[in-house]
Amino acid sequence: MSGKPVPEPTPETQPFWDGCARGELMLQRCRACGRPYFYPRPVCPACGSTDVEWFAASGRATLYSYVINHRPAPGFEADAPYAIAVVELAEGPRLMTNIVGVPNTPEDLVLDMALEVTFEPRGGMSVPMFTPAGKALAS
Amino acid sequence: MTSRSGVIIAGAAETDAIGRLPDKSTLQLHVEAAVNAVADAGLTLRDIDGLATVSAPGPVQVAHALGITPTYLDGTGVGGTSFLLHVRHAAAAIRAGYARTVLITHGESGRSRVGAAPFPRGGSSIPAQFEAPYGTMGPTTAFTIPVLRYMKEYGLTHEQLAYVAVAQRTWAARNPRAMFRDLITVDDVLASRLVAWPFHLLECCLVTDGGGALVVTSADRAGDFPKPAVHVLGTGEASEAPMISQLADFTESRAFRLAGQAAFAEAGISTADVRHLMIYDAFAHVPIYGLEALGFTAKGDAGAFIADGNTEPGGRLPLNTNGGGLSYTHTGMYGMFAIQEGVRQVRGEAPAQVADADISVVLGNGGMFATAGVLVLGRENR
Ligand SMILES: [Zn+2]
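The numbering scheme is per chain: residues are counted from 1 as the chain's sequence reads. Whichever chain is written first is A, and whichever ligand is written first is 1; the rest continue in order. pLDDT decides what is reported in this predicted model: residues at 70 or higher carry local features, side-chain atom pairs at 80 or more are listed and counted, and totals for whole chains, interfaces and linings draw on all residues regardless. With hydrogens and water excluded, all non-hydrogen atoms of the structure serve as input to the side-chain values.

(A) Just the overall build of chain A, in detail. Only DSSP runs of H or I covering at least 4 residues are called helices, and only runs of E covering at least 2 are called strands; the numbering of each starts at the N terminus. Tallying secondary structure elements over chain A gives 1 helix and 8 strands in all. When the helices and strands of chain A are listed from N to C terminus, the series reads α-β-β-β-β-β-β-β-β. Radius of gyration: over C-alpha atoms. The globule rule applied is 2.2 Å multiplied by the number of residues raised to the 0.38 power. A compact globule built from 139 residues should have a C-alpha radius of gyration of about 14 Å, and chain A, at 15 Å, falls within 12% of that. Once the C-alpha set of chain A is aligned to its principal axes, its extents read approximately 45 × 30 × 30 Å.

(B) Inspection of unusual backbone geometry at higher detail. All names here are of chain B. With an omega of 5°, the peptide bond between Ala-56 and Pro-57 qualifies as cis. As for its position among the elements, Pro-57 is in the loop between β2 (50-52) and α2 (58-66). Of the consecutive residues Trp-197 and Pro-198, the connecting peptide bond is found in the cis state with omega at 10°. Relative to the assigned elements, Pro-198 resides in the loop between β5 (194-197) and β6 (199-200).

(C) Highlighting the sheet that holds strand β3 (residues 72-74) of chain B. All names here are of chain B. The strand order across the open sheet built from 9 strands is β3-β2-β4-β7-β1-β8-β11-β10-β9, with neighbouring strands paired in mixed fashion. Taken across any chain shown, the strands that pair with only one partner, and hence form the sheet edges, are β3 and β9 (276-279). Strand after strand, the sheet turns through a mean of 25° between neighbouring axes, direction not considered. Any two strands with at least two DSSP-identified bridges between them are counted as paired. In terms of strand pairing, β2 meets β3 through 3 bridges, oriented parallel. Along β3, the bridge assignment pairs Ala-52 with Asp-74. We call two residues contacting when some pair of their heavy atoms lies within 4.5 Å. Convention adopted: a line fitted to C-alpha atoms gives each axis, helices being fitted over their contacting stretch, and angles between N-to-C directions are expressed from 0 to 180 degrees. Against the sheet, helix α3 (residues 82-96) touches β1 (7-14), β2, β3, β4 (101-109), β7 (209-218), β8 (230-239), β10 (359-366) and β11 (371-378), its axis set at about 165° to β4.

(D) Looking closely at the nonpolar core. Residues enter a nonpolar core if they are buried and are Ala, Val, Leu, Ile, Met, Phe, Trp, Tyr or Cys, with the set joined through side-chain atoms within 4.5 Å. Only protein chains enter the area calculation, which uses a 1.4 Å probe; residues under 20% of their type maximum are buried, those over 50% are exposed, and those in between are partly exposed. Formed by 142 residues in total, the largest nonpolar core has its most connected members in A:Leu63, A:Tyr66, A:Phe130, B:Ile9, B:Leu291 and B:Ile339. Considering each element in turn, this core owes the most residues, 8 residues, to helix α6 (residues 158-172) of chain B. Those residues in contact with A:Tyr66 that sit more than four places away from it in its chain are A:Ala83, A:Ile84, A:Ala85, A:Thr105, A:Pro106, A:Leu109, A:Leu111, B:Ile145, B:Leu148 and B:Trp197. Judged by nonpolar contacts, the second largest core, of 21 residues, contains B:Ala37, B:Ala41, B:Leu51 and B:Leu66.

(E) Local environment of the interface of chain A and chain B. Contacts between chain A and chain B engage 40 residues on the former and 37 residues on the latter. What makes a salt bridge here is a side-chain nitrogen of Lys or Arg within 4 Å of a carboxyl oxygen of Asp or Glu, nothing more. On the surface where chain A and chain B come into contact, there are 2 salt bridges. In this structure, B:Arg149 engages A:Asp112 in a salt bridge whose closest nitrogen and oxygen atoms are separated by 2.7 Å. Where the side of chain A that touches chain B is concerned, the elements lending two or more residues are α1 (14-22), β4 (60-69), β5 (82-89), β6 (94-97) and β8 (125-132) of chain A. With 7 residues, the single largest contributor to the side of chain A that touches chain B is β4(A). Any residue that is not Ala, Val, Leu, Ile, Met, Phe, Trp, Tyr, Cys, Pro, Asp, Glu, Lys or Arg is counted as polar, Gly included; the first ten are nonpolar and the last four charged. Broken down by class, the residue content of the side of chain A that touches chain B amounts to 27 nonpolar, 7 polar and 6 charged. With 2 bridges joining them, β4(A) and β5(B) adopt antiparallel strand pairing. Residue pairing for β5(B): A:Ile68 is matched across the bridge by B:Trp197.

(F) Summary view of the sheet that holds strand β3 (residues 52-56) of chain A. All names here are of chain A. Taken in spatial order, the 3 strands of this open sheet run β2-β1-β3, and their pairing is antiparallel. Edge positions in the sheet fall to β2 (36-37) and β3, since each has one partner strand and no second. The pairing of strand β1 (residues 26-30) with β2 spans 2 bridges and is classified as antiparallel. Paired with Arg-29 across the two strands is Pro-36, which belongs to β2.

(G) Spotlight on the coordination of the zinc ion. Residues and elements named next belong to chain A. Donor atoms (N, O, S) are those found within 2.8 Å of the metal centre, with the cutoff raised to 3.2 Å for Na, K and Ca; water is not part of the atom list, so apparent gaps in a site can occur. Summarising the metal site, the zinc ion is bound by the protein donors Cys-30 (SG), Cys-33 (SG), Cys-44 (SG) and Cys-47 (SG), whose distances to it range over 2.3 Å. Given 4 donor atoms and angles of 104 to 117° at the metal, the environment of the zinc ion is assigned as tetrahedral. As a motif over one chain, the donors of the zinc ion read C-x2-C-x10-C-x2-C. Every geometry call rests on angle ranges, with four donors termed tetrahedral when all angles are between 85 and 135 degrees, four termed square planar and six termed octahedral when opposite donors are over 155 degrees apart and all others are between 65 and 115, and everything else termed irregular.

(H) Here's a closer look at helix α8 (residues 254-267) of chain B. All names here are of chain B. Expected span, for any helix, means 1.5 Å times one less than how many residues it has. Compared with the 20 Å implied by 1.5 Å per residue over 14 residues, the 20 Å span of α8 between its first and last C-alpha is a close match. Listed in full, the buried residues belonging to α8 are Ala-255, Phe-256, Ala-259, Gly-260, Ala-263, Phe-264 and Ala-267. Viewed end-on, α8 has its buried residues packed into an arc of 145°, placing them on one side of the element. Looking at the buried side of α8, the elements it contacts are β8, α9 (285-293), β10 and β11. Gly-268 sits one or two positions beyond α8 and adopts a positive phi of about 70°. Picture the helix axis, draw a direction to every C-beta atom, and the arc is the one those directions span.

(I) Molecular detail of the side chain of B:Thr53. Residues and elements named next belong to chain B. Within the secondary structure, Thr-53 sits in the loop between β2 and α2. On the basis of relative accessibility, which here comes to 0%, the residue Thr-53 falls in the buried class. In the analysis that follows, any N or O atom pair within 3.5 Å is treated as a polar contact, provided that within protein one partner can donate a hydrogen and the other can accept it, and provided that, for residues neighboring in sequence, both atoms belong to side chains. In this structure the side chain of Thr-53 is engaged in a polar contact, spanning 2.6 Å, whose partner is the backbone oxygen of Thr-105.

Next up, the structure:
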């Protein structure tokens, strides 16, 4: 146990975390208007339809923005300073993540750089992380 | 004739002291601010029939501590802008006849944590599942994330970001109650400790203890109170996203923009009418986003606008004239202090008084660009 927070799934998010355990980044998509979205919820934020479905995203993303945190949260002491980033998925939605497999410095973390998802085992869960494209270790 | 919202701020006061107050509990700060504001209005606690504040302790606890039996309660708690929303809701309640005289209180032992609710950790909320696993720890690690995207899109420099703190210190230097009063330079800011790159310590707000309170009543009673009435000419409220990662566009605040549009429309004013401005400054980028969202500058121009001195003493748009959350005080929910300074300026009793501050606009932030409230305050009905 790293001491880092372990996500606790709720009924509407369970398919997302089940996907992570399989090595898939699951998103939802509206069957009425076609728009994909994140975070998991039972209504389309674009049109209000409740006719939504899950699908596996490509795992490709670009770096949208970040900070490099110098005051670590509990469990992150060994990582500091570490980047807390928001990535934009190829499908459009954005999510928060950490960037692994690359030094977390302003020089190495260039906005819009290509990334891909990888999964970090943590407390029996798999947590999605992102790494420079071509470096992913996950299957 | 009444102001468009139909209400005035008849009383406004802060706690006797602000800053580091380890001998005052959260509830004591509420009570002290309430007593001071009611006295400022020339009233007694028995005159109050409406109560608004944030939990914890919330309106039931505060009303009970003060011996008030309110006919109107508002516990809206949407972050540091909540008090601006309380003013807006009080206006509606007073117009509807639910209450005649509403007391809005804030007290927070933000620094000393005396009698304060614990910080929530863990759990299975949406932010706990999708942000906490990445090592966020409060606003310094998340509210700050959008600015790098803004810098890339609009060319804001590190020096311009740092200058926001420099500009606000010029006001704090004129305010005896400000926690930090020594003038600083861009080099000082950039040499201060890195907190969350690109943010340095001096680009982040203070963490203090203190409180403030307001007495809101109907505009037809203007003239019945010891201090000049401060008319609430317009109000707005809006929300965007509960998590910073879900903002639609990291280079702007939708909530700021929508709340501002609503308030300006109700007041019937444009930016050219505004003589004084308060923008909730938890971090140095927030005034930049606020100036653009309210339309005071074009998108991408606010950093240069501040760096050119426009918001400093003698500038054409005095901004955050108490020194702001960066230099004056920041208990955690700073919105009450932004309103207090707007009231002082309109009354003409601010420590760093602006000439002819007949219209003041106050923009409050809640959470991390999650919610916004805007008040247009004025000396006269319009
Ligand atoms: Zn839809």
